[in-house]
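# Residue-level structure breakdown
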There are 2 protein chains.
Amino acid sequence: MAKLGGNPLDRSKWQQKSIVTLALTVLTSSQAILIVWSKRAGKYEYSVTTANFMVETLKCVLSLAALSRIWRSEGVTEDNKLSTTYDEVIVYPIPAALYLVKNLLQYYIFAYVDAPGYQILKNFNIISTGILYRIILKKKLSEIQWAAFVLLCAGCTTAQLNSNSDRVLQTPFQGWLMAIIMALLSGFAGVYTEAIIKKRPSRNVNVQNFWLYVFGMAFNAIAMLIQDFDAIANKGFFHGYSFITVLMILNHALSGIAVSMVLKYADNIVKVYSTSVAMLLTAVVSVFLFGFHLSLAFFLGSTVVSVAVYLHSIGKLQK
Amino acid sequence: MAKLGGNPLDRSKWQQKSIVTLALTVLTSSQAILIVWSKRAGKYEYSVTTANFMVETLKCVLSLAALSRIWRSEGVTEDNKLSTTYDEVIVYPIPAALYLVKNLLQYYIFAYVDAPGYQILKNFNIISTGILYRIILKKKLSEIQWAAFVLLCAGCTTAQLNSNSDRVLQTPFQGWLMAIIMALLSGFAGVYTEAIIKKRPSRNVNVQNFWLYVFGMAFNAIAMLIQDFDAIANKGFFHGYSFITVLMILNHALSGIAVSMVLKYADNIVKVYSTSVAMLLTAVVSVFLFGFHLSLAFFLGSTVVSVAVYLHSIGKLQK
């Protein structure tokens, strides 16, 4: 932090990074609160795949809206024009395809693990993201930052412990394997998105987002047809939508854009810290909103996550 | 570690430190296993205060035995003679007195906390030892070592979590206060003992131990008379002793001597790490000996403790 004073470019970059990280944290925590709220309001009857498709569509629309504002103020340039080359666009479908495979696998893993157990196994994502970040993006973490990353994973899992968590240890081999594959797919999708976005640093992020989200729309349309064709044909596309459904779609779209921004101006490591802290914030806010009780495990996990955040930041300075 | 190669004095000091630390770890873990074993063998009917008195007496005898060997080989010198000055001996009763107060308080805290809750609150000892070590011995820990110490406390507590642990959060104010006072007393006794032992570095550790343990005998005799006078008068001093009681007394005496050695050749921080790792080792060994099951919380806590040990060691090198 001491180094920030001098260079105004460094300072504005740091501000940009902080703002997008804060936005991601706030949006992710409100996401989980909306889910709790929607469950309290009664079971949601809409088909999840149509909502996912709407999220991708909204992200596309918002990116185009941002772009048209930029075109009006700055004119169309090489960096912000929508048209693209085959070379540039060929990699964009890959993250969306990886997420599609991961989401399809999600339906099968529940044969081996219950939902709370799956929440715990999802923390493998943290480790897989760290490892793939190192291998694919070839960026180094210091020894202390690796230690912090292991702590982040252990702390998040600890914070989620409840009296039934030990059941996850009885998960059969296939369940562990699928959880690890899903963590690798999701880590790979995140790291690959960062690679795509960072490959052309001067390219406008809204154009990059537009192309990511177009393929997101396409792959979600496929998932929609595979899983919910009958429901949509019989009950209609927007069947079961409510005010809260709309809010959730809006929130998911904004969080998705915040993720892209974090990957553009920061990296996957910051993204993982941000969503982990958001998970803890959600629990604290739920105490006030819904009268939830915090467990001792939550306090211990939060302590470990806080120390991890601290170590990650001092680990960077000592490099 | 890289620095060790050159100086043979540093090397032998490091070896001494490693051996006493290892001895403390092994003795502490076998201690807990003996307790489990004795409980399995049926309730123990002996009075705990007589056993504590026997432990202090045995430690005294062992120190004298070690001294007489030294006197035979090296002769009596200024450093290993048993006789002492008022100035030297005046501070020796203080740790024993502090432990006496702490052990008496122990009977009252159970009015506010149950036994498993007390096990969890005892982890305050880790933090109090760190703080008093800093204040009284004026030794510095690096930022990373402080972070590691917080992690050690959180990790040990996490490893001990079970489905009833959340009850400890309902502890009334008096319970928290007593737990904190007891942690401060026990931390203070440990740090003060280190101060006494380190004040005269050339003084033979067996002489220092002898005087510590003589006062230990005296204060334990007081506790014995306060708490168990009737039982001893009616049933006899050694009533209810079994083979396993003798083993436990032997083990406690050797662990006590190991603690003194760790404080002479290392410090309270090493002592805390050593006993924490011993706690985890005990659980792992109990899986094989008694068919215990390890919980997910135990794995997470052990991960955090391992990272803490790692960070403590690299934190030292970076100072």
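Note that residues are indexed from 1 along each chain, following the sequence as it is written. For this description, chains carry letters from A and ligands carry numbers from 1, given in the order in which they are written. It should be noted that, the model being predicted, local features are given only for residues of pLDDT at least 70 and side-chain atom pairs only at 80 or more, the latter also being counted only at that level, while totals for whole chains, interfaces and linings use all residues. Hydrogens and water are ignored here; the side-chain numbers use all heavy atoms of the structure.

### Quick look at the overall build of chain A
Here is the rule we go by: Think of it this way: any DSSP run of H or I at least four residues long counts as a helix, any run of E at least two long counts as a strand, and we number them from the N terminus. The atom set for the radius of gyration is the C-alpha atoms, and the globule formula is 2.2 Å times the number of residues raised to the power 0.38. The buried label goes to any residue with under 20% of its type's maximum accessible area, the exposed label to any with over 50%, and the partly exposed label to all in between, with areas taken from a 1.4 Å probe on protein chains only. Any pair of residues with heavy atoms lying within 4.5 Å of one another is described as a contacting pair. Here the open area of atoms and residues is found with the Shrake-Rupley method and a 1.4 Å probe, where only the protein chains shown may cover a residue. His is not counted here, nor are the chain ends, while Lys and Arg score as positive and Asp and Glu score as negative. To locate a charge, take atom NZ for lysine, CZ for arginine, CG for aspartate or CD for glutamate.
On a plain count of helices and strands, chain A comes out with twelve helices and zero strands. Tracing chain A from N to C terminus, the helices and strands come up as α-α-α-α-α-α-α-α-α-α-α-α. Since a compact globule built from 319 residues should have a radius of gyration of about 20 Å, the 20 Å found for chain A is in line with a globular shape. For the C-alpha atoms alone, the extent of chain A along its principal axes is close to 60 × 60 × 40 Å. When burial is assessed residue by residue, chain A has 47% of its 319 residues classed as buried. Of the contacts made within chain A by residues no fewer than 6 positions apart, 87% connect residues no fewer than 24 positions apart. On chain A, roughly 16,100 Å² of surface is accessible, and the fraction owed to carbon and sulfur atoms is 66%. Between the mean site of the 27 positive side-chain charges and the mean site of the 15 negative ones, chain A shows a separation of 5 Å.

### A closer look at the packing of helix α10 (residues 243–265) of chain B against helix α11 (residues 268–290) of chain B
Residue and element names in this part refer to chain B. Put simply, the test is: Interaxial angle, 0 to 180 degrees, is taken between N-to-C directions of lines fitted to C-alpha atoms, where a helix line uses only the stretch in contact. Here the angle decides the label: under 35 degrees means roughly parallel, over 145 means roughly antiparallel, 65 to 115 means roughly perpendicular, and every other value means oblique. Charged residues are taken to be Asp, Glu, Lys and Arg, nonpolar residues to be Ala, Val, Leu, Ile, Met, Phe, Trp, Tyr, Cys and Pro, and polar residues to be all remaining types, Gly included.
Running from amino to carboxyl end, α10 crosses α11 at an angle of 140°, the nearest separation of the two axes being 8 Å. One finds that α10 runs oblique with respect to α11. Facing α10, whose interface residues are V259, V262 and L263, α11 presents N268, V270 and K271. In the contact of α10 with α11, the residues fall into four nonpolar, one polar and one charged.

### Things to note about the state of the cysteines
All names here are of chain B. Rule in force here: Only a pair of cysteine sulfur atoms within 2.5 Å qualifies as a disulfide here.
Under the definition given, this model contains zero disulfides over all chains. Left without a disulfide partner, C156 is nearest to the cysteine sulfur of C153, which lies 7.3 Å away. Here C156 falls in the buried class, since its relative accessible area comes to 2%.

### A word on the nonpolar core
Operational definition: Within this scheme, the nonpolar core is defined by two criteria: the residues are buried Ala, Val, Leu, Ile, Met, Phe, Trp, Tyr or Cys, and they are joined through side-chain atoms within 4.5 Å.
Counting residues in hydrophobic clusters, the biggest one holds 82 residues, and the most contacted among them are L151(A), L152(A), L311(A), L151(B), L152(B) and L311(B). For L311(B), the residues in contact, after removing those within four places along its chain, are A147(A), L151(A), L311(A), I144(B), A148(B) and L151(B). If you look at the next biggest cluster of nonpolar residues, it comprises 28 residues, including L67(A), V207(A), A223(A) and L263(A).

### What to know about the UniProt feature "transmembrane region" (unreviewed entry) in chain A
Residues and elements named next belong to chain A. Under the convention used in this document: UniProt positions are given in the numbering used here, feature names are shortened, and annotations may be inferred rather than shown by experiment.
According to UniProt, the "transmembrane region" (unreviewed entry) feature falls on residues 18–37, 144–161, 173–197, 209–226, 238–263, 270–290 and 296–314. Here residues 18–37 is 100% helix and 0% strand, with 28 Å between the C-alpha atoms at its ends. Segment residues 238–263 splits into 81% helix and 0% strand. End C-alpha atoms: 32 Å apart.

### Looking at the relation of the copies chain A and chain B
Put simply, the second copy of the chain is the first one after a rotation about an axis and a shift along it. Note the threshold: We superpose the copies by least squares over the C-alpha atoms of residues that have a pLDDT of at least 70 in both of them.
The operation relating chain A to chain B is a screw motion whose rotation component is 180°, with 0.0 Å of axial translation and a residual RMSD of 0.0 Å. In short, the pair behaves as if placed about a two-fold rotation axis. Measuring from the rotation axis to each C-alpha of chain A, the shortest distance belongs to S163(A), at 2.6 Å. In this assembly the copies share their binding face: 100% of the residues contributing to the interface of chain A also contribute to that of chain B.

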